[in-house]
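Below are the chains, spelled out letter by letter.
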Amino acid sequence: MLQKIDVINNGYIALVETWGSDERIIEAARMSTDKGFLGWGEGTDCFRNSHSPDKCKRGTPGCRVKHGDEVLLSRLYNPPDDGPPHTSPFEMAGAVIEVQAPIFVFREWHRHRTQSYNELSARYTVLPDLFYLPSVERLMMGKQSKTNKQSSEAATYTQAEIADIQQQLWDAMQKSRDVYELLIGKDLARELARIVMPVGQISRMRASANLLNWMRFLTLRQNVGAQWEIRQYANVLGQILTENFPRSMALFNENPL
Ligand SMILES: Cc1cc2nc3c(=O)[nH]c(=O)nc-3n(C[C@H](O)[C@H](O)[C@H](O)COP(=O)(O)OP(=O)(O)OC[C@H]3O[C@@H](n4cnc5c(N)ncnc54)[C@H](O)[C@@H]3O)c2cc1C
């Protein structure tokens, strides 16, 4: 049973599975030296044989306390010479998620070509009777921006105006649904009946990507320039990835790619 996290009205994200880990990323990076994962934290290893590693302390004469592998991870992501990040080890981990969202969010999402997708087909199955209806709060920041042609900004609608906008949206979507069901009832093929549905229609998909490509997706879609709705999904996804790849994602959260 997937654990669904609500995102926007009628939308959710659920983690299906992850693969790899922060440790596997280190192992992959160490293929160059064939040393594998050595451990996190300071003093995980000591090169001096005369006493045990837990007795080692930085600055004690004769002791060589080895850096933890977080240093290597950090250097992969943020090379000390300001060079480009060493990205391929971050492709050794990844996640599959299930997403329920309006079609207009998927239109934006599917531009990301480095993910793999499977979406429910409205040719095979009747679309779920679910629409995205923006909340009052969303509509109150939903006025067409004057400075950015593809953005919205704070509005000064009255409560009555907001209620009317919501009603108009609902009526239009409901009208589409009614025609859709009428056409299905007349045995029109689902692939034709679906053409009346608006982009507020809810759909569902699974998406898979490696961690590097999820990071690239988050960089673009957590940014304030991205539409508010897809940003909500990106933010929840960012939390899921941070729980599963805490060390790599801490580096990303501090300094997006
Ligand atoms: C705020 C915002 C506004 C946008 N507005 C518009 C818009 O008005 N109209 C519109 O059409 N799109 C728009 N987009 C979509 C945008 O142009 C990209 O298609 C989308 O963000 C995916 O980015 P990407 O190509 O980097 O991602 P991915 O497809 O995931 O690719 C990741 C990286 O892989 C490399 N790559 C992948 N495939 C190729 C390839 N075939 N050739 C070369 N390199 C490749 C590139 O380095 C790329 O950056 C917008 C996106 C954002 C975030």
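None of the values given here were measured: they were computed from a predicted structure. (Residues numbered from 1 in each chain as written. Predicted model: local features only at pLDDT ≥ 70, side-chain atom pairs only at ≥ 80, totals over all residues. Heavy atoms only, no water.)

Caption draft 1: Broad picture of the packing of helix 8 (residues 228-244) against helix 9 (residues 246-254). In contact at an axis separation of 6 Å, helix 8 and helix 9 are set at 135° when each is read in the N-to-C sense. With respect to helix 9, the element helix 8 is oriented oblique. Every residue of helix 9 that contacts helix 8 at G238, L241, T242, E243 and N244 is listed here: P246, M249 and N253. (Axes fitted to C-alpha atoms, helices over the stretch in contact; angles between N-to-C directions. Helix = DSSP H or I, 4+ residues; strand = E, 2+ residues; numbered from the N terminus. Parallel < 35°, antiparallel > 145°, perpendicular 65-115°, else oblique. Contact = heavy atoms within 4.5 Å.)

Caption draft 2: The side chain of R177, seen in detail. Within the secondary structure, R177 sits in helix 5 (residues 159-185). A polar atom in the side chain of R177 sits 3.2 Å from the backbone oxygen of P128. Once residues within four sequence positions are removed from consideration, R177 is found in contact with V126, L127, P128, D129, F131, M197 and Q201. (Polar contact = N/O pair within 3.5 Å; in protein donor to acceptor, adjacent residues only side chain to side chain.)

Caption draft 3: Local environment of the layout of surface pockets. One number sums up the size of the largest pocket: a volume of about 640 Å³. Along the walls of the largest pocket sit 26 residues, with F104, R138, S152, Q227 and E229 positioned nearest its centre. Counting only elements with at least two residues in the lining of the largest pocket, the list comes to helix 3 (103-109), helix 4 (136-139), helix 5, helix 7 (211-221) and helix 8. For the lining of the largest pocket, the residue count by class is 14 nonpolar, 7 polar and 5 charged. If you add up the space inside the second largest pocket, you get close to 210 Å³. In terms of lining residues, the second largest pocket is bounded by I103, F106, R107, H110, E119, L120, A122, L127, R194, M197, P198 and S203. Here the lining of the second largest pocket takes 3 residues from helix 3, the largest share from any one element. (1 Å grid on protein atoms, 1.4 Å probe; cavity = no way out; pocket = protein on both sides within 12 Å on 5 of 7 lines; lining within 4 Å. Points joined across faces, edges and corners; volume = space filled by probe spheres on them. Nonpolar A, V, L, I, M, F, W, Y, C, P; charged D, E, K, R; others polar.)

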